[in-house]
Amino acid sequence: MDGGASSKQPQQISDMFQKFALAVKAKTYELFVEEDSDDDAPKIVDSAEEFIPDQKVVVIKPKSVFGGEIDHSQVVGALIPSLFVTVASLEASYLQFQAAHVPELDQDALESVDRAIVSILQKFSEMKKSYMSSKRGNVESIDGFDFPARSFLEYQVQENQSKLRVLEMTVNSLQSQIETKGAEVRNLRKNVEEIRNSNANLLQKLDSKDGDVSILLTVHVFEAMLHDSLKSLRYFTKMLIGLMREAGWDMIEAASCIYSGVVYSKRGHFRFAFLSYVCMGMFQDFDQCDFGLADRESVSNGSSKNGGTSAGISDYLKQLIEHVASDPMEILKRNPDSEFSRFCARKYEKLIHPTIESSIFSHLDRKGKVLESWKSLPAFYESFVRMTSSIWLLHKLAYSFNPTVNIFQVSARTEFSTVYMEDILSKSTIGKMTGQRVEFSVVPGFKVGKTIIQSQVYVNEHEG
């Protein structure tokens, strides 16, 4: 009994090992078949875009996209998330395409993105074909199509991947802009500091009795400031003509009231009469040290000071630098009784005739303050103040020279001279201007030491 039992037990053990070996063999075979299959093997989500480094999403794909029989609704349900995923991939690739051009062209990145976009467009074409095949009822051919997203969850994963890529590129672009703006700010701060140091050095030289300020007192500096003044004069004149036209003025007739009997070469040349009117009004009393403000107490930019002929060269330069460092609009607001404020009021009364004012500002009360009328139009007001400020600075600079800069004006009907005159039309004056007469002076001339800055005049080309 014992012997039979013992012999039967090894036989049972042997049979058990044989069955186990067969089972292991079968499972091993199935395992290798699964490893060779593309549909059953675990793999990273297949999409048109690359993944963000150090971030992986593994999706276990089922044996088939569709369970059981395939119908059109199942195909549409799979195509919709796939379509969204592909669109998100296209958006991310387009941003990469743009980034490859900034700040410099990256040829390798450009080619890589180009291949990715071509692949995405091919997927769009394949999805369209799958949809049309499903609609026609040919659903068997769709089962082998590699959908970018086989489920809504997989679509969300891939869409978030694309969004992360977009956000990463946006952050990089914003960071680059921040660095660029930061560099610009540093350069501007450096420039401001240099200007402040330069101003401090100039003020220190002005405070010193032996200070050398010859760097400011040159013909080139005066010409540059005169050029800026003429720009502001032309801008204000253009605005004044525009306002008068809107008020219904006949500009030709108005020009003839300024200079009668002038024959203009072209109809549009009447504007030179208005420019002359503005220039002569602004430069009136330029040859006086107080600019025609009489012997009143002078207040420069809010600080009281005794003006007049007793002011020295350094005083005019200090006033010039102080005015340059200030905003003329702020000066008028801060101290309406300052010397500059009174100068603006006087020039306004000189330029804007009551008839012009009443037509332009007919809706205003003429009994109000003088300044209130031109403050009513911000652009007109600011252009007038900027123009007046430029002439004010030019006067301060002229009286900083030793000897003082002289101003001169050419009288009407004077024979044209190439030494003292320049044609306002900027035409050649060699030979053809001989014997011609000046109709009127547009911009006065200046004498800086031995240098002549020509007066700009309007010449009648029909006379000779």
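Draft legend 1. Representation of the packing of aromatic side chains in the model. All chains considered together, the criterion is met by 19 aromatic pairs. Ring geometry for tyrosine 259 and phenylalanine 440: centres 4.4 Å apart, planes at 5°, overall stacked. Taken together, the residues span a long stretch of sequence, with tyrosine 259 in the loop between helix H6 (251–258) and helix H7 (271–283) and phenylalanine 440 in strand E7 (residues 438–443) at a distance of 181 residues. With a centroid separation of 6.2 Å and an interplanar angle of 85°, the aromatic rings of phenylalanine 270 and phenylalanine 274 are classed as edge-to-face. Every member of this aromatic cluster is reached through a ring pair, and the members are Phe222, Phe283, Phe286, Phe291, Phe340, Phe343, Trp392, Phe401 and Phe446.

Draft legend 2. Region of interest: the sheet that holds strand E5 (residues 406–408). Here we have 3 strands laid out as an open sheet, ordered E5-E8-E9, and antiparallel in their pairing. Both edges of this open sheet fall to E5 and strand E9 (451–453), since each of them pairs with a single strand only. The mean angle between the axes of side-by-side strands here comes to 20°, regardless of whether they run parallel or antiparallel. With 3 bridges joining them, E5 and strand E8 (residues 445–448) adopt antiparallel strand pairing. The residue of E8 that forms the bridge with phenylalanine 408 is glycine 445.

Draft legend 3. Geometry of the pattern of salt bridges. Applying the stated criterion across every chain yields a total of 5 salt bridges. With a closest N to O distance of 4.0 Å, glutamate 184 and lysine 181 form a salt bridge. Within this pair, glutamate 184 and its partner lysine 181 are both found in helix H4 (residues 152–207), separated by 3 residues, close to a single helical turn. Relative accessible area serves as the criterion here: at 39%, glutamate 184 is assigned to the partly exposed category. A residue is classified by how much of its surface remains accessible, and lysine 181, at 52% relative accessible area, is exposed. Of the charged contacts, one joins lysine 396 and glutamate 339 as a salt bridge, the two residues approaching to 4.0 Å between their closest N and O atoms.

Draft legend 4. Representation of a negative patch on the surface within the structure. On the surface, a cluster of negative charge is contributed by Asp106, Asp108, Glu111 and Asp114. Looking at the secondary structure, you find aspartate 114 in helix H3 (residues 107–135). For aspartate 114, a relative accessible area of 43% corresponds to the partly exposed category.

Draft legend 5. Focus on the pairing of E7. The buried fraction of E7 amounts to 6 of the 6 residues, a majority that puts the element mostly inside the structure. Note: E7 against strand E10 (residues 455–459), 4 bridges, orientation antiparallel. Residue pairing for E10: phenylalanine 440 is matched across the bridge by tyrosine 458.

Draft legend 6. Expanded view of the side chain of serine 229. By the secondary structure assignment, serine 229 is in helix H5 (residues 219–246). From its side chain, serine 229 meets the backbone oxygen of serine 390 in a polar contact 3.3 Å long. Residues contacting serine 229, with those up to four places away along its chain left out, are Ser390, Ile391 and Leu394.

Draft legend 7. The arrangement of the nonpolar core in detail. In terms of nonpolar packing, the biggest core is built from 67 residues, with Phe222, Leu233, Phe236, Phe283, Phe446 and Tyr458 touching the most fellow members. Other than its neighbours up to four places away in sequence, phenylalanine 222 contacts Leu394, Leu397, Ala398, Phe401, Val405, Phe446, Val448 and Ile453. Val410, Met421, Val438 and Val459 belong to the second largest nonpolar core, which has 6 residues in total.

Draft legend 8. Examining unusual backbone geometry more closely. Look at the link from asparagine 402 to proline 403: it is a cis peptide, with omega at 5°. Even without being glycine, aspartate 285 reaches a positive phi, approximately 70°. Note on placement: aspartate 285 falls in the loop between H7 and strand E3 (298–300). Residue aspartate 285 is classed as partly exposed on the basis of its relative accessible area, which comes to 26%. Positive phi, close to 70°, is recorded for arginine 413, a residue that is not glycine. Note on placement: arginine 413 falls in the loop between E5 and strand E6 (421–423).

Parameters and conventions
Residues numbered from 1 in each chain as written. Predicted model: local features only at pLDDT ≥ 70, side-chain atom pairs only at ≥ 80, totals over all residues. Heavy atoms only, no water. Phe/Tyr/Trp six-rings, centres within 6.5 Å; stacked < 30°, edge-to-face > 60°. Helix = DSSP H or I, 4+ residues; strand = E, 2+ residues; numbered from the N terminus. Pairing = 2+ DSSP bridges. Axes fitted to C-alpha atoms, helices over the stretch in contact; angles between N-to-C directions. Salt bridge = Lys/Arg side-chain N within 4 Å of Asp/Glu carboxyl O. Buried < 20%, exposed > 50% of the residue type's maximum accessible area, 1.4 Å probe, protein only. Patch = residues over 30% accessible without salt bridge, like charges linked within 9 Å, V, L, I, M, F, W, Y side chains within 5 Å. Areas by Shrake-Rupley, 256 points an atom, 1.4 Å probe, with all protein chains shown as cover. Lys, Arg positive; Asp, Glu negative; His and termini not counted. Charge placed at Lys NZ, Arg CZ, Asp CG, Glu CD. Polar contact = N/O pair within 3.5 Å; in protein donor to acceptor, adjacent residues only side chain to side chain. Contact = heavy atoms within 4.5 Å. Core = buried A, V, L, I, M, F, W, Y, C linked by side-chain atoms within 4.5 Å.

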